[in-house]
Amino acid sequence: MARREKIIELLLERDYSVSELARILDMRGKGAKKAILNDLKVIARIAKREGMVLLIKPAQCRKCGFVFRPEINIPSRCPRCKSEWIEEPRFKLERT
């Protein structure tokens, strides 16, 4: 099974962060999260075509509670308090 197919299968079950997906798919190294983010961008287009929707729970600062825009990205720093203690966004696929 291809990596994107596996990600789609996982996201249909429940929500996952990029780090969780990387761990489940046994991906390590610098490019692991970036590769999964790229896969999620493609999966969002596939989902739309297949009658599904990619739901995004936005990233949030754990220090001040700032909520980022819901996008396929992992922010590095909070614009409000400059903290790097960021909870990753979570992704889930739902059929419409």
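This is a predicted model, so every value here is computed, not measured.

Colleague: Explanation requested: the state of the cysteines in the structure shown.
Modeller: A covalent bond bridging the sulfur atoms of two cysteines is what the word disulfide describes. Enumeration over the complete set of coordinates arrives at zero disulfides. Cysteine Cys64 is unpaired, with the sulfur of Cys78 as its nearest cysteine sulfur at 3.6 Å.

Colleague: What is the right way to look at the pattern of salt bridges in this model?
Modeller: When their charged atoms lie close together, side chains carrying opposite charge are able to pair. Across all of its chains, the model carries nine salt bridges by this definition. Where Arg3 meets Asp39, a salt bridge forms, and the shortest distance between an N and an O atom there is 2.5 Å. Of this pair, Arg3 sits in helix 1 (residues 3–13) while Asp39 sits in helix 3 (residues 31–49), placing them 36 residues apart in sequence. With a relative accessible area of 3%, Asp39 lands in the buried category. A salt bridge links Asp26 to Arg28, with the shortest nitrogen-to-oxygen separation between them at 2.8 Å. Comparing Asp26 with Arg28, the two get one shared label, exposed. Each of Arg3, Arg4 and Asp39 takes part in salt bridges that share partners, so that together they form one network.

Colleague: What should I look at first to understand helix 3 in this one?
Modeller: Note: α-helices contain 3.6 residues per turn, so residues at a spacing of three or four share the same orientation. Here helix 3 contains 19 residues, and its C-alpha end-to-end distance of 27 Å stays within 8% of the 27 Å for a straight helix at 1.5 Å per residue. If you check which residues of helix 3 are buried, you get Ala32, Ile36, Leu37, Asp39, Leu40, Val42, Ile43 and Ala47. Residues of helix 3 that are buried make contact with helix 1, helix 2 (18–24), strand 2 (52–57) and strand 5 (90–95). Note on helix 3: the residue one or two positions beyond its end, Gly51, has a positive phi of about 80°.

Colleague: Please explain the packing of aromatic side chains as it appears in this structure.
Modeller: The geometry of an aromatic ring pair comes down to the distance between the two centres and the angle between the two planes. Scanning the model with the defined rule gives one aromatic pair in all. Judged by centre distance (5.0 Å) and plane angle (90°), the ring pair of Phe66 and Phe68 falls under edge-to-face. One Lys or Arg, Arg14, reaches over the ring of Tyr16 and ends 4.1 Å from the middle of that ring.

Conventions and cut-offs
- Residues numbered from 1 in each chain as written.
- Predicted model: local features only at pLDDT ≥ 70, side-chain atom pairs only at ≥ 80, totals over all residues.
- Heavy atoms only, no water.
- Disulfide = S-S within 2.5 Å.
- Salt bridge = Lys/Arg side-chain N within 4 Å of Asp/Glu carboxyl O.
- Helix = DSSP H or I, 4+ residues; strand = E, 2+ residues; numbered from the N terminus.
- Buried < 20%, exposed > 50% of the residue type's maximum accessible area, 1.4 Å probe, protein only.
- Expected span 1.5 Å × (residues − 1).
- Contact = heavy atoms within 4.5 Å.
- Phe/Tyr/Trp six-rings, centres within 6.5 Å; stacked < 30°, edge-to-face > 60°.
- Lys NZ or Arg CZ within 6 Å of the ring centre and 35° of its normal.

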